[in-house]
Amino acid sequence: MRHVAVIGSGPAGYYSAEALQKQFGDDVRVDVIDRMPVPYGLIRFGVAPDHQSIKAVSRRYEKVALSDNVRFCGNVLVGRDVTVPELLELYDAVILATGAPNDRPLGIPGDDLPGVIGSAAFVGWYNGHPEFAGLDPPLDVAAAAVIGNGNVALDVARILAKTPHEFVGSDIVAHAFGALGNSAIRRIHVLGRRGPHQIAMTPKELGELGHLEDAVPEVDLEDFPPALDDALLEPGQRKSVTYLREFASLTPDKARTIVFDFFARPLRIEGEGRAERLIVEKTRLDDRGAAVGTGETYAVECGLVVSCIGYKTPPIEGVPYEEDRGRFANSGGVIEAGPNGGLYCVGWARRGPSGTIGTNRPDGYEVAEKIAADLAAVGGRKSGRAGLDTLLDSRGVELVTFRDWQRIEAAEAARARAGSPREKFVAIEEMLGARGR
Ligand code: NAP
């Protein structure tokens, strides 16, 4: 019997568990460990609440979670309740699927002012992450600046722009739904340090901005290269740029405007005791496509700044880490393979924060194959889940099972407002209480 611990129950974690099942069949026991009492990581706390079709992938992970040889171990924090070296003693292989939940710092003067928020915190706030429930972002201001030209910037801009009616069918949490419903924000600037051809936004997500109930996107065609140059783009990017060009013909006849500021590099944030304006420098592209400052600056008046410039994996003591890339040091997902148990990583903890949810699937399959090769000569000597239970018991850690999660999920569905699939519990104690034990 092979015993494998997967740390993290998001997409990368469950794709790995699925791959291990396919690789080893009945000859494997997989424990999927998560610090939260609820599973699915990014699906619950990262994917936008109005993108329910994306969140539906959790049904695939549920199928894996419900099989006999996979177990969910929630409410267990690696580093506090159990260490990686201890897990390596207990399991034949340990896979880090811890994602990239920390913001990359903006690193400009004024980024510590109240009203300047990283996307991990802002997204965590509207998605009911227990750490960010009390964020209370300033929405009593006329304008917000969203820094970055990726899909997270689009998520944040769209959530700020939507009417309460547009959240019907979503699972946005009550505190965010109420606050956004009373928001005074009318202008949302989306700032890219490069141009329309360099955006990291995907067409479907960008196209949504053209169909909002009470907000209209605004672009300046002066920022665009000649239309003929679009032919040089790969098809997805060309479609995105076509949407952007189409935004130029929309009539600004709605209460809110989403303004695309291209070639705009944030220099500093100013304000008396809180963010009041963002000073940006106009840029141009050098011959390698990088943004270089032109020396020309202007101010964007805004009381809320959300930086959406990428994420980092939190380091774990003793695990080799690449500081500049914000991920574990690894070679094709292998951190350290050895006869006494191997350490692997998958998903954003392996590659950094890139790609869609499905991009994490091949990672899991590749690592399962590597584990099979590394374990060819060993395996069967570790105590696995029995050993973990003994250790956690001795430390008074209360493990949350998948059955517990199903009760929590049912309780969330039972208290949902009309049209919403669930009303999420936000505090850990509420989640634990809803297990009904
Ligand atoms: P991303 O796609 O890497 O975009 C980051 C953006 O931040 C880029 O436009 C980048 O500009 C900019 N940036 C980086 N450092 C900056 C700085 N110091 N100052 C100004 N701008 C800076 O990252 P993301 O938006 O966080 O998304 C992460 C991953 O999740 C992506 O793969 C994304 O597609 C995915 N995602 C998908 C969905 C969806 O499918 N619905 C939703 C959300 C996220 P440069 O290009 O100039 O570096």
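Data block above holds the structure.
Residues numbered from 1 in each chain as written. Predicted model: local features only at pLDDT ≥ 70, side-chain atom pairs only at ≥ 80, totals over all residues. Heavy atoms only, no water.

## Remarks on the overall build of the protein
Definition in use: In this description a helix means any DSSP run of H or I spanning at least four residues, a strand means any run of E spanning at least two, and both kinds are numbered starting from the N terminus. All radius of gyration figures rest on C-alpha atoms, and the globule criterion is 2.2 Å times the number of residues raised to 0.38. Any two residues having at least one pair of non-hydrogen atoms within 4.5 Å are treated as being in contact. In this description, accessible areas are obtained by the Shrake-Rupley approach with a 1.4 Å probe, and a residue is regarded as covered only by the protein chains that are shown. Only four residue types enter the charge count, namely Lys and Arg as positive and Asp and Glu as negative; His and the chain termini do not. A charged residue contributes its charge at one atom only: NZ of Lys, CZ of Arg, CG of Asp or CD of Glu.
Secondary structure summary: the protein contains 15 helices and 19 strands in total. Scaling as 2.2 N^0.38, a compact globule of 437 residues should have a C-alpha radius of gyration of about 22 Å, and the protein matches this with 23 Å. If you line up the protein on its principal axes, its C-alpha atoms span 65 × 50 × 40 Å. Expressed as a percentage of contacts within the protein between residues at least 6 apart in sequence, the contacts between residues at least 24 apart total 75%. Of the roughly 18,100 Å² that the protein leaves accessible, carbon and sulfur atoms contribute 52%. Measuring between centres, the 50 positive side-chain charges of the protein sit 4 Å from its 61 negative side-chain charges.

## What to know about the site of the ligand
Quick note on the threshold: It suffices for a single heavy atom of a residue to lie within 4 Å of a molecule or strand for the residue to be listed as near it. Two N or O atoms form a polar contact when they lie within 3.5 Å of each other; inside protein one atom must be a possible hydrogen donor and the other a possible acceptor, and for residues adjacent in sequence the pair counts only when both atoms belong to side chains. In the scheme used here, Gly and all other residues not listed as nonpolar or charged are polar, with Ala, Val, Leu, Ile, Met, Phe, Trp, Tyr, Cys and Pro taken as nonpolar and Asp, Glu, Lys and Arg as charged.
Taken together, 20 residues lie around the ligand, and Asn 149, Asn 151, Arg 193, Arg 194 and Gly 355 are the ones closest in. Here Asn 149 contributes a backbone N or O atom positioned 2.9 Å from an oxygen atom of the ligand. For the ligand, an oxygen atom lies 2.8 Å from a polar atom in the backbone of Gly 355. Computed on the free molecule, the ligand has an accessible area of 920 Å², of which 77% lies beneath the protein chains in the complex. Per-element tally for the shell around the ligand: the top contributor is helix α7 (residues 151-161), with 3 residues. Residue classes in the shell around the ligand are distributed as 9 nonpolar, 7 polar and 4 charged.

## Here's the deal with the sheet that holds strand β19 (residues 342-345)
Let me state the cut-off plainly: Two strands qualify as a pair provided that DSSP identifies no fewer than 2 bridges between them. What counts as an axis is a line fitted to C-alpha atoms, over the stretch in contact for a helix, and the angles between N-to-C directions run from 0 to 180 degrees.
The strand order across the open sheet built from 6 strands is β3-β2-β1-β4-β19-β18, with neighbouring strands paired in mixed fashion. Both edges of this open sheet fall to β3 (70-73) and β18 (334-336), since each of them pairs with a single strand only. Neighbouring strand axes in the sheet, compared pairwise and without regard to direction, differ in orientation by 20 degrees on average. Sheet topology places strand β1 (residues 2-7) next to strand β2 (residues 28-33); 6 bridges connect them, and they run parallel. Residue pairing for β2: Arg 2 is matched across the bridge by Val 28.

## Points about helix α4 (residues 58-65)
We apply this condition: Summary of the burial criterion: residues with accessible area below 20% of their type's maximum are buried, those above 50% are exposed, and those between are partly exposed, where the area comes from a 1.4 Å probe applied to protein chains only. The reported arc concerns the directions from the helix axis to the C-beta atoms and nothing else.
Within α4 the residues assigned to the buried category are Ser 58, Tyr 61, Glu 62, Val 64 and Ala 65. With its buried residues spanning 160 degrees around the axis, α4 presents them on a single face. Buried residues along α4 sit against α1 (11-24), α2 (42-45), α3 (52-55), β3 and α14 (402-414).

## Here's the deal with the state of the cysteines
Put simply, the rule is: By convention in this document, the label disulfide applies to cysteine sulfur atom pairs within 2.5 Å.
Taken as a whole and judged by the stated rule, the model has 0 disulfides. Sulfur of Cys 302: no disulfide; nearest cysteine sulfur belongs to Cys 308 and is 13 Å away.

## A look at the pairing of strand β13 (residues 291-301)
The pairing of strand β12 (residues 277-285) with β13 spans 8 bridges and is classified as antiparallel. Bridge pairing in β13 links Arg 277 to Glu 301. The hairpin turn running from β12 into β13, its antiparallel successor, is 5 residues long, and Gly 289 in that turn takes a positive phi close to 85 degrees.

## Points about the environment of Leu 343
Mapping Leu 343 onto the fold places it in strand β19. Residue class for Leu 343 comes out buried when judged on its relative accessible area of 6%. In this structure, the C-alpha to C-alpha distance between Leu 343 and Val 84, residues 259 residues apart in sequence, is 8.9 Å. Not counting residues up to four positions away in its chain, the partners in contact with Leu 343 are Val 84, Leu 88, Val 94, Leu 96, Val 319, Val 334, Ile 335 and Glu 336.

## Re the side chain of Glu 423
Residue position: Glu 423 is located in the loop between α14 and α15 (428-433). Owing to a relative accessible area of 10%, Glu 423 belongs among the buried residues under this scheme. Polar side-chain contacts of Glu 423 include one of 3.1 Å to the backbone nitrogen of Ala 174. A distance of 2.8 Å separates the side chain of Glu 423 from the side chain of Arg 417, its partner in a polar contact.

## Comments concerning the sheet that holds strand β8 (residues 187-191)
Two modes of strand pairing occur in sheets, parallel and antiparallel, and in both the strands are linked by backbone hydrogen bonds. Reading across the sheet, the 6 strands line up as β6-β14-β7-β8-β10-β9 and stay open at both edges, with parallel pairing between neighbours. Looking at which strands have only one partner, the edges of the open sheet turn out to be β6 (116-118) and β9 (215-218). Geometrically, the sheet is characterised by an average inter-axis angle of 20 degrees between neighbouring strands, direction not taken into account.

## A short note on the packing of helix α6 (residues 119-126) against α7
Here is the rule we go by: An angle counts as roughly parallel when it lies under 35 degrees, as roughly antiparallel when it exceeds 145, as roughly perpendicular when it falls between 65 and 115, and as oblique in every other case. Left-handed is the label given to a crossing in which the near helix is rotated counterclockwise from the far helix by less than a right angle, and right-handed is the label when the rotation is clockwise.
Where α6 meets α7, the axes come as close as 11 Å, and the angle between the chain directions of the two elements is 45 degrees. Here α6 is positioned oblique relative to α7, judged by the angle of their axes. α7 is crossed by α6, and the crossing has left-handed handedness. Contacts from Ser 119, Phe 122, Val 123 and Tyr 126 in α6 reach Val 152, Asp 155, Val 156, Ile 159 and Leu 160 in α7.

## Re α6
Counting buried positions along α6 gives 8 out of 8 residues, so the element sits mostly inside the fold. Among all positions in α6, only Ser 119, Ala 120, Ala 121, Phe 122, Val 123, Gly 124, Trp 125 and Tyr 126 are buried. Gly 128 sits one or two residues past α6 and shows a positive phi near 75 degrees.

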